[in-house]
Amino acid sequence: QVQLVESGGGSVQAGGSLRLSCAASGSDFNFNTMGWYRQAPGKQRESVAVITSGDTTNYADSVKGRFTISRDDAKNTVFLQMNSLKPEDTAVYYCNAQQKRSGFTRTYWGQGTQVTVSS
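Residues numbered from 1 in each chain as written. Predicted model: local features only at pLDDT ≥ 70, side-chain atom pairs only at ≥ 80, totals over all residues. Heavy atoms only, no water.

Undergrad: Looking at this model, I keep getting lost on the overall build of the protein chain. Mind explaining?
TA: Check the secondary structure of the protein chain and you find zero helices and eleven strands. When the helices and strands of the protein chain are listed from N to C terminus, the series reads β-β-β-β-β-β-β-β-β-β-β. In terms of C-alpha radius of gyration, the protein chain reaches 14 Å, essentially the compact-globule figure of 14 Å for 119 residues. Overall, the protein chain is about 45 × 25 × 25 Å in size when its C-alpha atoms are taken along their principal axes. For the protein chain, the share of sequence-separated contacts (at least 6 apart) that also reach a separation of at least 24 residues comes to 53%. Of the accessible surface of the protein chain, which amounts to about 6600 Å², a share of 43% is contributed by carbon and sulfur atoms. Side chains of the protein chain carry 12 positive and 9 negative charges; the gap between the two charge centres is 3 Å. (Helix = DSSP H or I, 4+ residues; strand = E, 2+ residues; numbered from the N terminus. Rg over C-alpha atoms; globule rule 2.2 N^0.38 Å. Contact = heavy atoms within 4.5 Å. Areas by Shrake-Rupley, 256 points an atom, 1.4 Å probe, with all protein chains shown as cover. Lys, Arg positive; Asp, Glu negative; His and termini not counted. Charge placed at Lys NZ, Arg CZ, Asp CG, Glu CD.)

Undergrad: Whenever I open this one, the environment of Thr113 confuses me. Can you help?
TA: Mapped onto the fold, Thr113 is located in strand β11 (residues 113–118). With a relative accessible area of 12%, Thr113 lands in the buried category. The spatial distance from the C-alpha of Thr113 to the C-alpha of Gly10 is 8.0 Å, given a sequence separation of 103 residues. Apart from the residues lying within four places of it in its own chain, the contact partners of Thr113 are Glu6, Gly9, Leu20, Ala91, Val92 and Tyr93. (Buried < 20%, exposed > 50% of the residue type's maximum accessible area, 1.4 Å probe, protein only.)

Undergrad: I tried to follow the packing of aromatic side chains on my own but got confused; where do I start?
TA: As enumerated under the stated definition, the model contains two aromatic pairs in all. Consider the rings of Phe31 and Tyr108, whose centres lie 6.2 Å apart with planes at 75°: the pair is edge-to-face. You can see Phe31 sitting in the loop between β3 (18–25) and β4 (33–39) and its partner Tyr108 sitting in strand β10 (residues 104–109), a full 77 residues away along the chain. Looking at Phe31, the relative accessible area reads 4%, which means it is buried. Each ring, one from Tyr37 and one from Trp109, has its centre 5.1 Å from the other, and the planes form 70°; the classification is edge-to-face. (Phe/Tyr/Trp six-rings, centres within 6.5 Å; stacked < 30°, edge-to-face > 60°.)

Undergrad: What is the right way to read the pattern of salt bridges from this model?
TA: A pair can form between side chains of opposite charge whenever their charged atoms are brought close. Enumeration according to the criterion identifies five salt bridges in this entry. The partner of Asp89 in a salt bridge is Arg66, and the shortest N-O contact between them spans 2.8 Å. Within this pair, whereas Asp89 is found in the loop between β8 (77–82) and β9 (91–101), its partner Arg66 is found in the loop between β6 (57–59) and β7 (67–72), the two being separated by 23 residues in sequence. With respect to class, Asp89 is no different from Arg66; both count as buried. Via salt bridges that share partners, Arg38, Glu46, Arg66 and Asp89 belong to a single interconnected network. (Salt bridge = Lys/Arg side-chain N within 4 Å of Asp/Glu carboxyl O.)

Here it is as structure tokens:
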């Protein structure tokens with residue numbers, strides 16, 4: 001019964017900052033990969049940033065240099081620090097976690113948190 005709950009979304013001015021948090025519960029094992037995805041109105045969901053259990057990170061080109069993903073395994077939490085926000089960053093942001101074991105990959109999603117950046 002894994003559950004991911006996002007928090008930290010809101011409305012900010014362009015150039016501002018926002019920090020998203022995702023708390024995971026209900027798992028006795030570490031997640032191999034955790035990440036953040038976003039979906040703007042009329043567009044498909046896209047990957048924003050991912051981080052592995054070994055702390056390897058990967059970012060979408062559109063957010064490189066502005067966003068930073070991190071994780072705290074002791075607290076089962078993943079963060080997304082967003083700086084220099086742009087109106088095009090406006091979207092619903094979803095937390096994602098993947099757990100690979102016994103030859104299968106299990107994927108979990110949070111319910112999403114709205115981020116709105118005004119010009």
